[in-house]
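Close look at the chain arrangement
Take a look at the letters that make up each chain.
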Amino acid sequence: QVQLVESGGGLVQAGDSLRLSCAASGRTFTTYNMGWFRQAPAKEREFVAAISRSGGTTQYTDSVKGRFTISRDNAKNTVYLQMNRLKPEDTAVYYCAGEGNYYRLYTGQNVYDYWGQGTQVTVSS
């Protein structure tokens, strides 16, 4: 089992950058594929990015490709989401999640077993 705690959210202007962090407890961090999801007001939670256990494979939703980068530091039990050129439509609560059952990366939130509490990102225009 793993516990996840996000940090790094805040209020920024369009075009700015933020880096979100997700710290995981436990000794089994490397057994989990990790993902970032977000939920905007009055919208369903959606996939943003995912990274494999080793960090060698990543996947992104189309709207963030070229602007966001997911990475992980297995020595620090932490996954990151670097967000550049932020847009007002990126405003949402961002959640990190982990799953340890599958080899490939998945965008569906149903496969993820563990979730953080979320961190708010607000981008003003």
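Rules used throughout
- Residues numbered from 1 in each chain as written.
- Predicted model: local features only at pLDDT ≥ 70, side-chain atom pairs only at ≥ 80, totals over all residues.
- Heavy atoms only, no water.
- Helix = DSSP H or I, 4+ residues; strand = E, 2+ residues; numbered from the N terminus.
- Buried < 20%, exposed > 50% of the residue type's maximum accessible area, 1.4 Å probe, protein only.
- Salt bridge = Lys/Arg side-chain N within 4 Å of Asp/Glu carboxyl O.
- Pairing = 2+ DSSP bridges.
- Axes fitted to C-alpha atoms, helices over the stretch in contact; angles between N-to-C directions.
- Disulfide = S-S within 2.5 Å.
- Core = buried A, V, L, I, M, F, W, Y, C linked by side-chain atoms within 4.5 Å.
- Contact = heavy atoms within 4.5 Å.

**Some words on unusual backbone geometry**
Unlike most non-glycine residues, Ala42 shows phi in positive territory, near 65°. Inspection of the secondary structure puts Ala42 in the loop between β4 (33-39) and β5 (46-51). Positive phi is not limited to glycine here, since Arg85 has a value of about 50°. Tracing the chain through its elements places Arg85 in the loop between β8 (78-83) and β9 (92-99). Take Arg85: its relative accessible area is 49%, and that puts it in the partly exposed class.

**Some points on the pattern of salt bridges**
On inspection of all chains with the given rule, the structure shows four salt bridges. The partner of Asp90 in a salt bridge is Arg38, with the nearest N and O atoms 2.9 Å apart. Here Asp90, found in the loop between β8 and β9, pairs with Arg38, found in strand β4; they are 52 residues apart in sequence, far enough to count as distant. We note a salt bridge from Asp90 to Arg67, for which the minimum N-O separation is 2.8 Å. Here Arg67 lies in the loop between β6 (58-60) and β7 (68-73) and Asp90 lies in the loop between β8 and β9, a separation of 23 residues in the sequence. Both residues of the pair, Asp90 and Arg67, belong to the buried class. Because the salt bridges share partners, they merge into one network encompassing Arg38, Glu46, Arg67 and Asp90.

**Thoughts on the sheet that holds strand β3 (residues 18-24)**
The antiparallel open sheet is built from four strands, whose spatial order is β1-β3-β8-β7. The two strands at the open ends of the sheet, each matched to only one other strand, are β1 (4-7) and β7. Averaged over all adjacent pairs, the angle separating strand axes in this sheet is 15°, with direction ignored. Taken together, the six bridges between β3 and β8 define a ladder with antiparallel strand orientation. Paired with Leu20 across the strands is Leu81, a residue of β8.

**Observations concerning the state of the cysteines**
Throughout the structure, instances matching the rule amount to one disulfide. For Cys22, the disulfide goes to Cys96, at an S-S distance of 1.9 Å. Because the sign of the S-S torsion sets the handedness, a value of about 45° for the bond joining Cys22 and Cys96 places this disulfide among the right-handed ones. With Cys22 in strand β3 and Cys96 in strand β9, this residue pair connects regions lying 74 residues apart in the sequence. Each member of the pair, Cys22 as well as Cys96, carries the same accessibility label: buried.

**Some details on the nonpolar core**
In terms of nonpolar packing, the biggest core is built from 27 residues, with Trp36, Leu81, Met83 and Tyr94 touching the most fellow members. Breaking this core down by element, the ones donating at least two residues are β3, β4, β5, β7, β8, β9 and β11 (119-124). For this core, the leading source of residues is β3, giving four residues. Sequence-distant contacts of Leu81, that is, excluding residues within four places in its chain, are made with Leu18, Arg19, Leu20, Trp36, Val48, Ala49, Phe68, Thr69, Ile70 and Tyr94.

The analysis is restricted to geometry; functional conclusions fall outside its scope.
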